[in-house]
Amino acid sequence: MIEAPEARLLCEQLNKTVCGKRITDVFAQYTPHKFAWFYGKPEECAERLVGKTIDKACPQGGMVELTAGDTMLVLTDGVNLRYFEPGAKLPSKHQLLVAFDDESCLLASVRMYGALLCFTRGHFDAPLAAYYETARTKPQVMSDAFDKEYFLGLVNAPDAQKKSAKAFLATEQTIPGLGNGVLQDILYHAHIHPKTKIDKLGAEEKEKMYEQVKETLQDIYRLGGRSTETDLFGVPGQYVASLSKNTAGHACPKCGETIVKENYLGGSIYYCRGCQVMK
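By the naming in an unreviewed UniProt entry, the chain goes by Endonuclease VIII and is assigned to Bacteroides fragilis. Taken from UniProt, the Sequence similarities (unreviewed entry) comment for the chain reads in full: "Belongs to the FPG family."

Structure, rendered in structure tokens:
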């Protein structure tokens, strides 16, 4: 699942490769996928996009937003996006293909689940509309607008106090684009247990959490994304997570204690028994 750093990278690459190109054809649900969600009927994507020119790409949390005139194409975090040069051999399976006038194309394929939302600007009223609007209107986590003052306002809010560190960072779109994939390393470097309640954290710990949100996401971006994700050209990122299924059960390089994996809040958490003591 792509998160904020990967969405930012993908949009930078899209702006260099497809902006200014005119769309000549669109195929949606070429390979049927029951968890690939469209706005309206899949075939309406072609009706809305063909003949339009890509104006820009913009990250919205963990989503990629493409603008083509009065049409928006929004790809959520479970969608894998690839660009193919003219004449390149294309994968046989995909959920959305956007072909351009120079015979290059953009392919989107859904992993476990994901949304491919094509709609006319100002006319989006699907169940996912609120999810998209929240990501679009909140300060982007990697932008200057997401500063310490803004973060402390979030973490000190009354409704955050009984949440765990994981729930605060990665649920209910408190911080769009920050999910379970990146929060493990953020909390590890901040020395905060993922189950620790926010009201148990002191001022210094909250500031450390903020610093690690910014630093960890910047490190991921600088290294071209996480090693579990690929960019627009299929190249894996070079950021290797400190905590993951690959390090669970091993000794922490900082303190020597064991890195633990547990199920929590519908997903997995990883933490070091020595560095991240629960309060």
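After that view, the rundown keeps rolling.
What exactly am I supposed to notice about the packing of aromatic side chains here?
Aromatic ring pairs: the centre-centre distance and the angle between the two ring planes describe each pair. Inspection of the entire model under this criterion finds 11 aromatic pairs. When the centroid spacing of 6.3 Å and the interplanar angle of 90° are considered together, the rings of Tyr-39 and Phe-119 count as edge-to-face. Of the two residues, Tyr-39 sits in the loop between strand E2 (36–38) and helix H2 (44–49) while Phe-119 sits in strand E9 (residues 114–120), which places them 80 residues apart along the sequence. Across this residue pair, the class does not change: Tyr-39 and Phe-119 are buried. Note that Arg-8 overlies the ring of Tyr-221, its terminal NZ or CZ placed 4.1 Å from the centroid. The ring of Tyr-188 has Lys-254 lying over it, and the distance from NZ or CZ to the ring centre is 4.2 Å.

Help me understand the sheet that holds strand E7 (residues 96–100) in this model?
Adjacent strands of a sheet pair through backbone hydrogen bonds, lying either parallel or antiparallel. Across the sheet, four strands lie side by side as E1-E7-E8-E6; this open sheet has antiparallel pairing. Looking at the sheet topology across the chains shown, the edges are occupied by strand E1 (23–28) and strand E6 (79–84). On average, adjacent strands in this sheet sit at an angle of 15° to one another, irrespective of strand direction. The pairing of E1 with E7 spans five bridges and is antiparallel. For Val-26, the partnering residue across the bridge sits in E7 and is Val-98.

What is the right way to look at the environment of His-123 in this model?
Mapped onto the elements of the fold, His-123 is located in the loop between E9 and helix H3 (129–137). Residues His-123 and Gln-161 lie 38 residues apart in sequence; the distance between their C-alpha atoms is 37 Å.

Got a minute to help me understand the nonpolar core in this structure?
Generally speaking, nonpolar side chains in soluble globular proteins are found buried as a group. Ranked by internal contacts, the top residues of the largest apolar core, which has 31 residues, are Leu-14, Leu-73, Leu-81, Leu-96, Leu-106 and Leu-116. Looking at this core element by element, the count peaks at four residues for helix H1 (residues 4–17). Residues contacting Leu-14, with those up to four places away along its chain left out, are Cys-19, Ala-57, Val-64, Leu-66, Leu-81, Leu-106 and Leu-232. In this structure, Leu-9, Phe-146, Ala-165 and Met-209 belong to the second largest nonpolar core, which totals 29 residues.

What am I meant to see in the packing of H1 against helix H7 (residues 203–222) here?
Two numbers describe a pair of packed helices, the interaxial angle and the distance between the axes. It is at 9 Å that the axes of H1 and H7 come closest, and there the two elements cross at 40°. Crossing hand, H1 versus H7: right-handed. Between H1, through Pro-5, Glu-6, Arg-8, Leu-9 and Glu-12, and H7, the contact on the second element is made entirely by Leu-217, Gln-218, Ile-220 and Tyr-221. By residue class, the composition of the contact of H1 with H7 is five nonpolar, one polar and three charged.

What's the story with the pattern of salt bridges in this structure? I'm lost.
For side chains of opposite charge, pairing can occur when their charged atoms come near one another. Tallied over the full model, the rule gives 13 salt bridges. Two residues, Glu-12 and Arg-8, come together in a salt bridge whose shortest N-O distance is 3.7 Å. Placement of the pair is Glu-12 and Arg-8 together in helix H1, with a separation of four residues, close to one helical turn. By relative accessible area, which is 32% here, Glu-12 ends up partly exposed. Among the residues examined, Arg-8 registers a relative accessible area of 26% and is labelled partly exposed. The shortest N-O distance in the salt bridge between Asp-199 and Lys-162 comes to 2.8 Å. Remark: Lys-162 occurs in the loop between helix H4 (148–155) and helix H5 (165–170) and Asp-199 occurs in the loop between helix H6 (180–190) and H7; sequence separation between them is 37 residues. Residue classification places Lys-162 among the exposed positions, given a relative accessible area of 63%.

So, how was this worked out
Residues numbered from 1 in each chain as written. Predicted model: local features only at pLDDT ≥ 70, side-chain atom pairs only at ≥ 80, totals over all residues. Heavy atoms only, no water. UniProt positions renumbered as here; feature names shortened; annotations may be inferred. Phe/Tyr/Trp six-rings, centres within 6.5 Å; stacked < 30°, edge-to-face > 60°. Helix = DSSP H or I, 4+ residues; strand = E, 2+ residues; numbered from the N terminus. Buried < 20%, exposed > 50% of the residue type's maximum accessible area, 1.4 Å probe, protein only. Lys NZ or Arg CZ within 6 Å of the ring centre and 35° of its normal. Pairing = 2+ DSSP bridges. Axes fitted to C-alpha atoms, helices over the stretch in contact; angles between N-to-C directions. Core = buried A, V, L, I, M, F, W, Y, C linked by side-chain atoms within 4.5 Å. Contact = heavy atoms within 4.5 Å. Left-handed = near helix turned anticlockwise from the far one by under 90°. Nonpolar A, V, L, I, M, F, W, Y, C, P; charged D, E, K, R; others polar. Salt bridge = Lys/Arg side-chain N within 4 Å of Asp/Glu carboxyl O.

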